[in-house]
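# A look at the structure
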Amino acid sequence: MDAYRIVGGKKLEGIIEIGGAKNAALPILCATLIEKGTYILRNVPALKDIKTLSKVLEKLGLEVENLDKNTLKVVNKGLASIEATYDLVKTMRASFTVMGPIIAHEKRAKVSLPGGCAIGARPVDLHLKGFEALGCVIQIHHGYVEANATELKGAKIVLDFPSVGATENIVMAAVKAKGQTILENAAIEPEVEDLCNFLVSMGAKIEGIGTSKIIIDGVETLTPGEYNIIPDRIEAGTYLVLSILSEGKVKVKGAIREHMDSYLAKLEEMGAVIKEEGDLMWIETSVKELKPVRVKTMPHPGFPTDLQAQIMTLMSIVKGTSEIKETIFENRFMHVPEFNRMGADITIKHGVAQVNGGLPLTGAEVMASDLRAGAALVLAGLVAEGETILNRIYHVDRGYDQLEKKLNSVGAQIERIKLEA
Ligand code: UD1
(Lines give C-alpha, C1' and ligand atoms only; values in the text may rest on other atoms or scores of the structure.)
Protein backbone atom coordinates (compact mmCIF):
# COMPACT_ATOMS: atom_id res chain seq x y z
CA MET A 1 0.00 0.00 0.00
CA ASP A 2 1.24 3.52 -0.79
CA ALA A 3 2.14 5.85 2.07
CA TYR A 4 3.73 9.28 2.35
CA ARG A 5 7.01 9.88 4.12
CA ILE A 6 7.13 13.52 5.15
CA VAL A 7 10.06 15.30 6.77
CA GLY A 8 8.72 18.35 8.58
CA GLY A 9 10.11 21.77 9.26
CA LYS A 10 11.44 22.56 5.76
CA LYS A 11 11.42 26.15 4.53
CA LEU A 12 8.54 26.56 2.11
CA GLU A 13 8.36 29.11 -0.69
CA GLY A 14 6.71 29.30 -4.10
CA ILE A 15 3.43 29.22 -5.96
CA ILE A 16 0.89 26.37 -5.91
CA GLU A 17 -1.59 26.34 -8.76
CA ILE A 18 -5.12 25.18 -7.99
CA GLY A 19 -6.77 22.59 -10.24
CA GLY A 20 -10.41 22.15 -11.26
CA ALA A 21 -12.98 21.41 -8.57
CA LYS A 22 -13.47 17.68 -8.01
CA ASN A 23 -16.96 18.20 -6.63
CA ALA A 24 -18.01 20.22 -9.69
CA ALA A 25 -16.34 17.93 -12.23
CA LEU A 26 -18.08 14.82 -10.83
CA PRO A 27 -21.73 15.94 -11.25
CA ILE A 28 -20.89 17.66 -14.56
CA LEU A 29 -19.48 14.37 -15.85
CA CYS A 30 -22.66 12.65 -14.66
CA ALA A 31 -24.70 15.24 -16.59
CA THR A 32 -23.21 14.01 -19.89
CA LEU A 33 -25.54 11.01 -19.47
CA ILE A 34 -28.59 13.23 -20.06
CA GLU A 35 -28.25 13.92 -23.77
CA LYS A 36 -26.64 12.27 -26.79
CA GLY A 37 -23.72 14.16 -28.29
CA THR A 38 -20.07 15.10 -27.78
CA TYR A 39 -18.90 16.98 -24.72
CA ILE A 40 -15.52 18.63 -24.12
CA LEU A 41 -14.82 19.30 -20.46
CA ARG A 42 -11.79 21.43 -19.53
CA ASN A 43 -10.00 21.98 -16.22
CA VAL A 44 -11.03 18.50 -15.05
CA PRO A 45 -8.69 17.48 -12.21
CA ALA A 46 -6.69 14.31 -12.90
CA LEU A 47 -7.93 12.39 -9.86
CA LYS A 48 -8.80 8.85 -8.90
CA ASP A 49 -12.45 9.83 -8.31
CA ILE A 50 -12.67 11.14 -11.87
CA LYS A 51 -11.22 7.86 -13.19
CA THR A 52 -13.71 5.89 -11.09
CA LEU A 53 -16.64 7.90 -12.44
CA SER A 54 -15.30 7.62 -16.01
CA LYS A 55 -15.46 3.83 -15.56
CA VAL A 56 -19.06 4.08 -14.36
CA LEU A 57 -19.94 6.17 -17.41
CA GLU A 58 -18.19 3.71 -19.75
CA LYS A 59 -20.18 0.82 -18.24
CA LEU A 60 -23.33 2.82 -18.99
CA GLY A 61 -22.25 3.10 -22.65
CA LEU A 62 -20.43 6.44 -22.89
CA GLU A 63 -16.97 6.90 -24.44
CA VAL A 64 -14.60 8.86 -22.22
CA GLU A 65 -11.23 9.97 -23.55
CA ASN A 66 -8.49 12.22 -22.16
CA LEU A 67 -7.58 14.79 -24.84
CA ASP A 68 -4.88 16.03 -22.49
CA LYS A 69 -4.28 15.69 -18.77
CA ASN A 70 -7.15 17.98 -17.79
CA THR A 71 -9.45 17.82 -20.82
CA LEU A 72 -12.00 15.06 -21.21
CA LYS A 73 -13.99 14.25 -24.31
CA VAL A 74 -17.20 12.37 -23.57
CA VAL A 75 -19.28 10.89 -26.37
CA ASN A 76 -22.84 9.85 -25.58
CA LYS A 77 -24.35 7.76 -28.39
CA GLY A 78 -27.17 6.52 -26.19
CA LEU A 79 -27.01 4.49 -23.02
CA ALA A 80 -26.08 0.82 -23.19
CA SER A 81 -27.45 0.20 -19.71
CA ILE A 82 -29.53 1.97 -17.07
CA GLU A 83 -27.85 0.16 -14.21
CA ALA A 84 -24.98 1.31 -11.98
CA THR A 85 -23.86 -1.72 -10.02
CA TYR A 86 -22.72 -2.07 -6.43
CA ASP A 87 -19.08 -2.82 -7.30
CA LEU A 88 -18.86 0.62 -8.94
CA VAL A 89 -21.02 2.71 -6.60
CA LYS A 90 -19.45 1.31 -3.40
CA THR A 91 -15.99 2.61 -4.38
CA MET A 92 -17.28 6.16 -4.69
CA ARG A 93 -20.47 7.46 -3.16
CA ALA A 94 -20.73 10.32 -5.65
CA SER A 95 -21.53 7.74 -8.36
CA PHE A 96 -25.08 7.78 -7.02
CA THR A 97 -25.35 11.12 -8.85
CA VAL A 98 -25.70 9.18 -12.13
CA MET A 99 -29.26 8.36 -11.12
CA GLY A 100 -30.88 11.73 -11.93
CA PRO A 101 -29.24 11.98 -15.38
CA ILE A 102 -30.13 8.36 -16.30
CA ILE A 103 -33.73 9.05 -15.29
CA ALA A 104 -33.68 12.23 -17.43
CA HIS A 105 -32.48 10.19 -20.42
CA GLU A 106 -34.42 6.95 -20.04
CA LYS A 107 -37.23 7.67 -17.53
CA ARG A 108 -35.93 4.74 -15.54
CA ALA A 109 -32.76 3.78 -13.71
CA LYS A 110 -31.38 1.13 -11.40
CA VAL A 111 -28.58 2.24 -9.12
CA SER A 112 -26.99 0.51 -6.17
CA LEU A 113 -27.57 2.12 -2.78
CA PRO A 114 -24.20 3.60 -1.85
CA GLY A 115 -24.13 2.46 1.78
CA GLY A 116 -22.31 4.32 4.54
CA CYS A 117 -18.77 5.55 4.63
CA ALA A 118 -16.17 6.42 7.25
CA ILE A 119 -17.60 9.87 7.97
CA GLY A 120 -21.24 8.87 8.43
CA ALA A 121 -24.32 6.96 7.32
CA ARG A 122 -25.08 9.27 4.38
CA PRO A 123 -28.59 8.22 3.34
CA VAL A 124 -30.16 9.15 -0.06
CA ASP A 125 -33.77 9.67 1.07
CA LEU A 126 -33.84 13.28 -0.15
CA HIS A 127 -32.70 12.26 -3.63
CA LEU A 128 -35.46 9.65 -3.78
CA LYS A 129 -38.21 12.00 -2.54
CA GLY A 130 -37.23 14.37 -5.35
CA PHE A 131 -37.40 11.64 -8.03
CA GLU A 132 -40.79 10.56 -6.69
CA ALA A 133 -42.11 14.12 -6.86
CA LEU A 134 -41.05 14.23 -10.52
CA GLY A 135 -43.20 11.19 -11.25
CA CYS A 136 -40.92 8.20 -10.63
CA VAL A 137 -42.10 5.10 -8.85
CA ILE A 138 -39.26 4.17 -6.52
CA GLN A 139 -38.63 0.65 -5.32
CA ILE A 140 -35.75 -0.66 -3.28
CA HIS A 141 -34.84 -4.32 -3.83
CA HIS A 142 -31.71 -6.22 -2.85
CA GLY A 143 -29.68 -3.07 -2.22
CA TYR A 144 -30.70 -1.38 -5.46
CA VAL A 145 -32.92 1.64 -6.04
CA GLU A 146 -35.14 1.28 -9.09
CA ALA A 147 -36.91 4.28 -10.57
CA ASN A 148 -39.57 4.05 -13.27
CA ALA A 149 -41.66 6.84 -14.77
CA THR A 150 -44.06 6.97 -17.68
CA GLU A 151 -43.50 10.68 -17.87
CA LEU A 152 -41.33 13.10 -15.88
CA LYS A 153 -43.39 16.06 -14.72
CA GLY A 154 -42.18 19.26 -13.06
CA ALA A 155 -43.08 19.58 -9.37
CA LYS A 156 -42.57 21.70 -6.30
CA ILE A 157 -39.97 20.07 -4.06
CA VAL A 158 -38.82 21.35 -0.68
CA LEU A 159 -35.69 19.66 0.62
CA ASP A 160 -35.62 18.92 4.36
CA PHE A 161 -31.92 19.75 4.27
CA PRO A 162 -29.88 21.51 1.54
CA SER A 163 -28.09 18.35 0.44
CA VAL A 164 -25.52 18.91 -2.30
CA GLY A 165 -25.96 15.51 -3.95
CA ALA A 166 -29.78 15.57 -3.75
CA THR A 167 -29.92 19.07 -5.27
CA GLU A 168 -27.66 17.97 -8.14
CA ASN A 169 -29.52 14.72 -8.78
CA ILE A 170 -32.94 16.40 -8.73
CA VAL A 171 -31.87 19.31 -10.97
CA MET A 172 -30.51 16.85 -13.53
CA ALA A 173 -33.64 14.69 -13.42
CA ALA A 174 -35.80 17.80 -13.90
CA VAL A 175 -34.09 19.59 -16.81
CA LYS A 176 -36.09 17.66 -19.40
CA ALA A 177 -39.22 17.05 -17.34
CA LYS A 178 -42.49 18.45 -18.64
CA GLY A 179 -43.31 21.84 -17.09
CA GLN A 180 -41.78 23.67 -14.20
CA THR A 181 -39.87 22.34 -11.21
CA ILE A 182 -39.33 24.54 -8.18
CA LEU A 183 -36.68 23.22 -5.82
CA GLU A 184 -36.64 24.97 -2.46
CA ASN A 185 -34.02 24.80 0.27
CA ALA A 186 -31.59 23.73 -2.44
CA ALA A 187 -27.86 23.55 -1.77
CA ILE A 188 -26.03 26.69 -2.91
CA GLU A 189 -22.47 25.37 -2.98
CA PRO A 190 -20.38 26.85 -5.84
CA GLU A 191 -20.17 23.33 -7.32
CA VAL A 192 -23.99 23.10 -7.55
CA GLU A 193 -23.92 26.49 -9.27
CA ASP A 194 -21.28 25.25 -11.71
CA LEU A 195 -23.39 22.21 -12.59
CA CYS A 196 -26.40 24.49 -13.23
CA ASN A 197 -24.26 26.81 -15.38
CA PHE A 198 -23.07 23.80 -17.37
CA LEU A 199 -26.67 22.67 -17.94
CA VAL A 200 -27.64 26.21 -18.99
CA SER A 201 -24.69 26.25 -21.43
CA MET A 202 -26.39 23.24 -23.06
CA GLY A 203 -29.74 25.02 -23.30
CA ALA A 204 -31.40 24.07 -20.01
CA LYS A 205 -33.72 26.71 -18.56
CA ILE A 206 -32.73 27.26 -14.95
CA GLU A 207 -33.32 30.34 -12.82
CA GLY A 208 -32.24 31.13 -9.30
CA ILE A 209 -28.82 29.56 -9.85
CA GLY A 210 -26.72 30.00 -6.73
CA THR A 211 -29.82 30.61 -4.58
CA SER A 212 -31.81 28.22 -2.44
CA LYS A 213 -34.79 28.41 -4.83
CA ILE A 214 -33.95 26.86 -8.17
CA ILE A 215 -36.59 27.10 -10.89
CA ILE A 216 -36.30 24.75 -13.83
CA ASP A 217 -38.46 24.91 -16.94
CA GLY A 218 -38.15 21.59 -18.71
CA VAL A 219 -36.83 21.62 -22.30
CA GLU A 220 -37.16 18.88 -24.95
CA THR A 221 -33.49 18.63 -25.84
CA LEU A 222 -30.12 19.90 -24.74
CA THR A 223 -27.15 20.72 -26.98
CA PRO A 224 -23.84 19.34 -25.72
CA GLY A 225 -20.74 21.50 -26.05
CA GLU A 226 -17.63 22.65 -24.20
CA TYR A 227 -17.30 23.69 -20.58
CA ASN A 228 -14.58 24.88 -18.22
CA ILE A 229 -14.82 23.62 -14.60
CA ILE A 230 -14.34 26.11 -11.70
CA PRO A 231 -11.21 25.98 -9.50
CA ASP A 232 -11.25 23.79 -6.40
CA ARG A 233 -11.96 25.95 -3.32
CA ILE A 234 -11.14 23.07 -0.97
CA GLU A 235 -7.74 22.45 -2.55
CA ALA A 236 -7.10 26.23 -2.37
CA GLY A 237 -8.16 26.32 1.29
CA THR A 238 -5.85 23.40 2.08
CA TYR A 239 -2.80 25.06 0.53
CA LEU A 240 -3.60 28.43 2.16
CA VAL A 241 -2.70 26.79 5.48
CA LEU A 242 0.81 26.38 4.04
CA SER A 243 0.82 30.06 3.23
CA ILE A 244 0.43 30.75 6.96
CA LEU A 245 3.04 28.15 7.92
CA SER A 246 5.50 29.85 5.54
CA GLU A 247 4.55 33.39 6.65
CA GLY A 248 3.28 34.24 3.21
CA LYS A 249 6.06 32.71 1.14
CA VAL A 250 3.71 30.10 -0.31
CA LYS A 251 1.11 31.66 -2.59
CA VAL A 252 -1.97 30.02 -4.03
CA LYS A 253 -2.77 30.68 -7.69
CA GLY A 254 -6.16 30.63 -9.36
CA ALA A 255 -8.61 30.45 -6.42
CA ILE A 256 -11.92 32.32 -6.50
CA ARG A 257 -12.22 34.42 -3.35
CA GLU A 258 -16.05 34.58 -3.27
CA HIS A 259 -16.18 30.78 -3.12
CA MET A 260 -14.12 30.85 0.07
CA ASP A 261 -15.75 33.66 2.06
CA SER A 262 -16.63 31.76 5.24
CA TYR A 263 -13.24 30.03 5.37
CA LEU A 264 -11.31 33.26 4.79
CA ALA A 265 -13.52 35.08 7.32
CA LYS A 266 -12.59 32.46 9.93
CA LEU A 267 -8.89 32.82 9.14
CA GLU A 268 -9.31 36.59 9.47
CA GLU A 269 -11.02 36.08 12.82
CA MET A 270 -7.88 34.18 13.85
CA GLY A 271 -5.92 37.30 12.92
CA ALA A 272 -4.75 36.33 9.43
CA VAL A 273 -4.41 39.11 6.87
CA ILE A 274 -5.37 37.82 3.44
CA LYS A 275 -3.46 39.35 0.54
CA GLU A 276 -4.33 39.21 -3.12
CA GLU A 277 -2.64 40.34 -6.29
CA GLY A 278 -3.89 39.26 -9.70
CA ASP A 279 -4.74 35.57 -9.38
CA LEU A 280 -2.46 35.02 -6.37
CA MET A 281 -3.66 34.78 -2.77
CA TRP A 282 -1.49 34.49 0.32
CA ILE A 283 -1.33 35.15 4.08
CA GLU A 284 1.74 36.77 5.60
CA THR A 285 0.61 36.46 9.22
CA SER A 286 2.67 34.00 11.27
CA VAL A 287 1.23 31.26 13.49
CA LYS A 288 2.49 33.15 16.58
CA GLU A 289 0.23 36.10 15.73
CA LEU A 290 -2.92 33.95 15.40
CA LYS A 291 -5.67 33.55 18.00
CA PRO A 292 -7.84 30.49 18.69
CA VAL A 293 -11.37 30.42 17.21
CA ARG A 294 -14.62 28.49 17.22
CA VAL A 295 -15.80 26.86 14.01
CA LYS A 296 -19.16 25.30 13.21
CA THR A 297 -19.47 23.46 9.91
CA MET A 298 -22.57 24.38 7.93
CA PRO A 299 -23.98 24.08 4.43
CA HIS A 300 -22.65 26.81 2.09
CA PRO A 301 -22.22 29.75 2.66
CA GLY A 302 -21.26 28.47 6.14
CA PHE A 303 -17.89 26.97 7.02
CA PRO A 304 -17.32 23.91 4.79
CA THR A 305 -17.02 20.50 6.43
CA ASP A 306 -14.42 19.69 3.76
CA LEU A 307 -12.02 22.22 5.35
CA GLN A 308 -12.71 21.21 8.95
CA ALA A 309 -9.73 18.86 9.30
CA GLN A 310 -7.33 21.31 7.66
CA ILE A 311 -8.22 24.19 10.01
CA MET A 312 -7.76 21.72 12.87
CA THR A 313 -4.09 21.44 11.85
CA LEU A 314 -3.80 25.19 12.23
CA MET A 315 -5.73 25.21 15.53
CA SER A 316 -3.46 22.56 16.99
CA ILE A 317 -0.38 24.79 16.57
CA VAL A 318 -2.03 28.11 17.47
CA LYS A 319 -1.77 28.88 21.20
CA GLY A 320 -5.08 28.73 23.09
CA THR A 321 -8.26 26.69 23.01
CA SER A 322 -10.14 26.40 19.72
CA GLU A 323 -13.34 24.49 19.05
CA ILE A 324 -14.91 22.74 16.09
CA LYS A 325 -18.53 21.66 15.97
CA GLU A 326 -19.24 19.33 13.06
CA THR A 327 -22.89 19.50 12.01
CA ILE A 328 -22.84 17.95 8.52
CA PHE A 329 -21.40 14.47 9.11
CA GLU A 330 -21.86 12.63 12.39
CA ASN A 331 -18.54 10.82 12.36
CA ARG A 332 -16.07 13.24 10.89
CA PHE A 333 -13.51 13.42 13.70
CA MET A 334 -11.60 10.25 12.89
CA HIS A 335 -8.46 12.33 12.35
CA VAL A 336 -8.44 13.49 15.99
CA PRO A 337 -6.63 10.45 17.45
CA GLU A 338 -4.12 10.71 14.59
CA PHE A 339 -3.42 14.37 15.42
CA ASN A 340 -2.99 13.37 19.05
CA ARG A 341 -0.43 10.75 18.00
CA MET A 342 1.54 13.68 16.61
CA GLY A 343 1.50 15.51 19.95
CA ALA A 344 -1.71 17.54 19.61
CA ASP A 345 -4.15 17.80 22.52
CA ILE A 346 -7.68 17.40 21.14
CA THR A 347 -10.69 15.98 22.93
CA ILE A 348 -14.19 15.35 21.60
CA LYS A 349 -17.30 15.89 23.71
CA HIS A 350 -20.88 15.88 22.40
CA GLY A 351 -19.83 16.36 18.78
CA VAL A 352 -17.46 19.24 19.58
CA ALA A 353 -13.70 18.93 19.22
CA GLN A 354 -11.79 21.02 21.70
CA VAL A 355 -8.29 21.78 20.50
CA ASN A 356 -5.81 22.86 23.15
CA GLY A 357 -3.37 24.37 20.74
CA GLY A 358 0.21 25.53 20.85
CA LEU A 359 1.98 22.26 21.60
CA PRO A 360 4.77 21.32 19.20
CA LEU A 361 3.75 18.62 16.71
CA THR A 362 6.14 15.72 16.32
CA GLY A 363 6.39 13.28 13.42
CA ALA A 364 4.66 9.92 13.90
CA GLU A 365 3.13 7.06 11.92
CA VAL A 366 -0.49 7.99 11.27
CA MET A 367 -3.39 7.01 9.02
CA ALA A 368 -5.71 8.94 6.68
CA SER A 369 -9.32 8.10 7.57
CA ASP A 370 -10.80 10.08 4.68
CA LEU A 371 -9.71 12.41 1.95
CA ARG A 372 -9.65 15.71 3.85
CA ALA A 373 -8.32 14.10 7.03
CA GLY A 374 -5.42 12.83 4.92
CA ALA A 375 -4.70 16.32 3.58
CA ALA A 376 -4.81 17.77 7.10
CA LEU A 377 -2.33 15.16 8.33
CA VAL A 378 -0.01 15.99 5.42
CA LEU A 379 -0.12 19.64 6.59
CA ALA A 380 0.60 18.48 10.14
CA GLY A 381 3.53 16.38 8.89
CA LEU A 382 4.99 19.41 7.10
CA VAL A 383 5.00 21.48 10.29
CA ALA A 384 5.96 18.64 12.69
CA GLU A 385 9.44 18.03 13.91
CA GLY A 386 10.95 14.90 12.34
CA GLU A 387 9.47 12.23 10.11
CA THR A 388 5.79 11.40 9.58
CA ILE A 389 4.54 8.32 7.76
CA LEU A 390 0.99 8.75 6.50
CA ASN A 391 -0.76 5.48 5.67
CA ARG A 392 -3.81 4.89 3.48
CA ILE A 393 -3.04 7.74 1.10
CA TYR A 394 -5.40 6.25 -1.46
CA HIS A 395 -7.91 8.57 0.22
CA VAL A 396 -5.73 11.59 -0.59
CA ASP A 397 -5.32 10.44 -4.21
CA ARG A 398 -9.10 10.64 -4.59
CA GLY A 399 -9.07 14.42 -4.28
CA TYR A 400 -5.62 16.03 -4.56
CA ASP A 401 -4.00 16.11 -7.97
CA GLN A 402 -0.18 15.76 -7.81
CA LEU A 403 -0.07 16.59 -4.12
CA GLU A 404 3.56 15.56 -3.59
CA LYS A 405 4.71 17.25 -6.81
CA LYS A 406 3.02 20.52 -5.84
CA LEU A 407 4.40 20.37 -2.29
CA ASN A 408 7.94 19.42 -3.31
CA SER A 409 7.92 22.32 -5.81
CA VAL A 410 7.62 24.75 -2.88
CA GLY A 411 10.40 23.11 -0.86
CA ALA A 412 8.55 20.46 1.13
CA GLN A 413 10.05 17.01 1.62
CA ILE A 414 7.36 14.45 0.90
CA GLU A 415 7.68 11.19 -0.99
CA ARG A 416 5.44 8.29 -1.88
CA ILE A 417 6.67 5.00 -0.50
CA LYS A 418 5.37 1.42 -0.62
CA LEU A 419 4.60 -0.26 2.68
CA GLU A 420 3.93 -3.95 3.16
CA ALA A 421 0.15 -4.49 3.50
C1 UD1 B 1 -21.01 16.64 -1.00
C2 UD1 B 1 -19.53 16.65 -1.30
C3 UD1 B 1 -18.73 16.42 -0.03
C4 UD1 B 1 -19.13 17.44 1.03
C5 UD1 B 1 -20.65 17.45 1.23
C6 UD1 B 1 -21.12 18.53 2.17
C7 UD1 B 1 -19.43 15.81 -3.57
C8 UD1 B 1 -19.03 14.71 -4.48
N9 UD1 B 1 -19.24 15.60 -2.26
O10 UD1 B 1 -21.35 15.34 -0.52
O11 UD1 B 1 -17.35 16.56 -0.35
O12 UD1 B 1 -18.51 17.11 2.25
O13 UD1 B 1 -21.30 17.65 -0.04
O14 UD1 B 1 -20.69 19.76 1.74
O15 UD1 B 1 -19.87 16.86 -4.00
N16 UD1 B 1 -28.27 13.56 3.70
C17 UD1 B 1 -29.42 12.91 4.06
N18 UD1 B 1 -30.25 12.43 3.08
C19 UD1 B 1 -29.96 12.60 1.76
C20 UD1 B 1 -28.78 13.27 1.40
C21 UD1 B 1 -27.94 13.75 2.40
O22 UD1 B 1 -29.71 12.74 5.24
O23 UD1 B 1 -30.73 12.14 0.92
C24 UD1 B 1 -27.35 14.05 4.75
C25 UD1 B 1 -26.01 13.32 4.71
O26 UD1 B 1 -26.04 12.12 5.39
C27 UD1 B 1 -25.09 14.32 5.37
C28 UD1 B 1 -25.69 15.68 4.95
O29 UD1 B 1 -27.01 15.39 4.51
O30 UD1 B 1 -25.13 14.20 6.76
C31 UD1 B 1 -24.94 16.37 3.85
O32 UD1 B 1 -24.88 15.56 2.71
P33 UD1 B 1 -24.83 16.13 1.23
O34 UD1 B 1 -24.90 17.61 1.23
O35 UD1 B 1 -25.80 15.36 0.43
O36 UD1 B 1 -23.34 15.72 0.82
P37 UD1 B 1 -22.88 14.90 -0.43
O38 UD1 B 1 -23.59 15.37 -1.64
O39 UD1 B 1 -22.89 13.44 -0.13
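Structure first, text after, so check above.
The structure reproduced in this document is the subject of the present report.

What counts, and where the lines are drawn
- Residues numbered from 1 in each chain as written.
- Predicted model: local features only at pLDDT ≥ 70, side-chain atom pairs only at ≥ 80, totals over all residues.
- Heavy atoms only, no water.
- Helix = DSSP H or I, 4+ residues; strand = E, 2+ residues; numbered from the N terminus.
- Buried < 20%, exposed > 50% of the residue type's maximum accessible area, 1.4 Å probe, protein only.
- Contact = heavy atoms within 4.5 Å.
- Pairing = 2+ DSSP bridges.
- Axes fitted to C-alpha atoms, helices over the stretch in contact; angles between N-to-C directions.
- Phe/Tyr/Trp six-rings, centres within 6.5 Å; stacked < 30°, edge-to-face > 60°.
- Lys NZ or Arg CZ within 6 Å of the ring centre and 35° of its normal.
- Parallel < 35°, antiparallel > 145°, perpendicular 65-115°, else oblique.
- Left-handed = near helix turned anticlockwise from the far one by under 90°.
- 1 Å grid on protein atoms, 1.4 Å probe; cavity = no way out; pocket = protein on both sides within 12 Å on 5 of 7 lines; lining within 4 Å.
- Points joined across faces, edges and corners; volume = space filled by probe spheres on them.
- Nonpolar A, V, L, I, M, F, W, Y, C, P; charged D, E, K, R; others polar.
- Salt bridge = Lys/Arg side-chain N within 4 Å of Asp/Glu carboxyl O.
- Core = buried A, V, L, I, M, F, W, Y, C linked by side-chain atoms within 4.5 Å.
- Near = heavy atom within 4 Å.
- Polar contact = N/O pair within 3.5 Å; in protein donor to acceptor, adjacent residues only side chain to side chain.
- Areas by Shrake-Rupley, 256 points an atom, 1.4 Å probe, with all protein chains shown as cover.

Let us now look at unusual backbone geometry. The linkage connecting His300 with the following residue, Pro301, adopts the cis geometry, with an omega of 10 degrees. Its place among the elements puts Pro301 in the loop between strand S18 (294-296) and helix H10 (308-317). With a phi angle near 65 degrees, Lys107 is a residue other than glycine that sits in the positive phi range. Secondary-structure assignment places Lys107 in the loop between helix H4 (99-106) and strand S7 (108-112). One non-glycine residue with positive phi stands out, namely Arg392, at about 60 degrees. Assignment of secondary structure puts Arg392 in the loop between strand S23 (387-391) and helix H13 (394-399). You can call Arg392 partly exposed: its relative accessible area is 34%.

We now examine helix H5 (residues 125-133). The complete set of buried residues in H5 reads Leu126, His127, Leu128, Gly130 and Phe131. For H5, the elements touching its buried residues are H4, strand S8 (137-141), strand S9 (144-148), strand S10 (156-158) and helix H6 (164-174). Phi turns positive one or two residues past the end of H5, at Gly135, with a value near 110 degrees.

With mixed pairing, the four strands of this open sheet are ordered in space as S6-S7-S9-S8. Each edge of the open sheet carries a strand with a single partner, namely strand S6 (83-84) and S8. In the packing of H4 onto the sheet, contacts are made with S7 and S9, and the angle to S7 comes to roughly 160 degrees.

Taken as a whole and judged by the stated rule, the model has four aromatic pairs. Ring geometry for Tyr263 versus Phe303: centroids 5.8 Å apart, planes at 55 degrees, classification tilted. Here Tyr263, found in helix H9 (residues 261-269), pairs with Phe303, found in the loop between S18 and H10; they are 40 residues apart in sequence, far enough to count as distant. Exposure remark for Tyr263: the relative accessible area of 1% places this residue in the buried category. Grouping aromatic residues by their ring pairs yields a cluster made of Tyr39, Phe198 and Tyr227. Positioned above the aromatic ring of Tyr144 is the side chain of Lys110, whose terminal nitrogen or guanidinium carbon lies 5.1 Å from the ring centre. Geometry around Trp282 places Lys251 over its ring, the cationic atom sitting 4.2 Å from the centre.

Below, the discussion takes up the packing of H5 against H6. Running from N to C, H5 and H6 point in directions that differ by 20 degrees, and their axes come no closer than 8 Å. On the basis of their axis angle, the class for H5 and H6 is roughly parallel. Taken as a pair, H5 and H6 cross one another with a handedness that is right-handed. For the pair H5 and H6, contact is made by Leu126, His127, Gly130 and Phe131 and by Gly165, Ala166, Asn169, Ile170 and Ala173, respectively.

Attention shifts here to the layout of surface pockets. What the second largest pocket holds in volume is close to 490 Å³. Lining the second largest pocket we find 20 residues, and of these Ile244, Leu245, Ser246, Glu247 and Val383 sit closest to its centre. Of all the secondary structure elements, the ones that give two or more residues to the lining of the second largest pocket are helix H8 (233-245) and helix H12 (371-383). The class makeup of the residues in the lining of the second largest pocket is nine nonpolar, four polar and seven charged.

Right, let's talk about the pattern of salt bridges for a bit. Counting across every chain of the model gives 25 salt bridges. Between Glu284 and Lys275 there is a salt bridge, with its nearest N and O atoms 3.5 Å apart. According to the relative accessible area criterion, Glu284 is partly exposed, its value standing at 40%. Here Lys275 falls in the partly exposed class, since its relative accessible area comes to 32%. Taking the shortest distance from any N to any O, the salt bridge between Asp306 and Arg332 comes out at 2.8 Å.

Note that strand S3 (residues 37-42) and strand S5 (residues 71-76) share five bridges and pair antiparallel. Counterpart to Leu41 in the pairing with S5 is Leu72. Two elements, S3 and strand S14 (residues 226-228), share three bridges in a ladder whose sense is parallel. If you follow Leu41 over to S14, its bridge partner there is Tyr227.

Another point: the nonpolar core. One finds Leu53, Val98, Met99, Phe198, Leu199 and Ile206 to be the most contacted residues of the largest nonpolar core, which totals 75 residues. Here this core gets seven residues from one element, more than from any other, and that element is helix H1 (residues 22-31). Dropping the residues within four chain positions of it, Met99 is found in contact with Ala109, Val111, Phe131, Val145, Glu146, Ala147 and Asn169. Counting residues in each nonpolar core, the second largest holds 68 residues, with Val293, Met312, Ala375 and Val378 among its members.

Below, the discussion takes up the site of the ligand. By nearness alone, 18 residues border the ligand, and Asp125, Leu126, Ser163, Asp306 and Ile328 come closest of all. In this structure, Asn23 approaches the ligand through a side-chain N or O atom, which is 3.0 Å from an oxygen atom. Here an oxygen atom of the ligand and a backbone polar atom of Leu126 are 2.7 Å apart. When isolated, the ligand has an accessible area of 740 Å², and the protein chains bury 84% of it. Residue assignment for the shell around the ligand shows that the elements contributing at least two residues are H5 and H6. Broken down by element, the shell around the ligand gets its largest block of residues, three residues, from H5.

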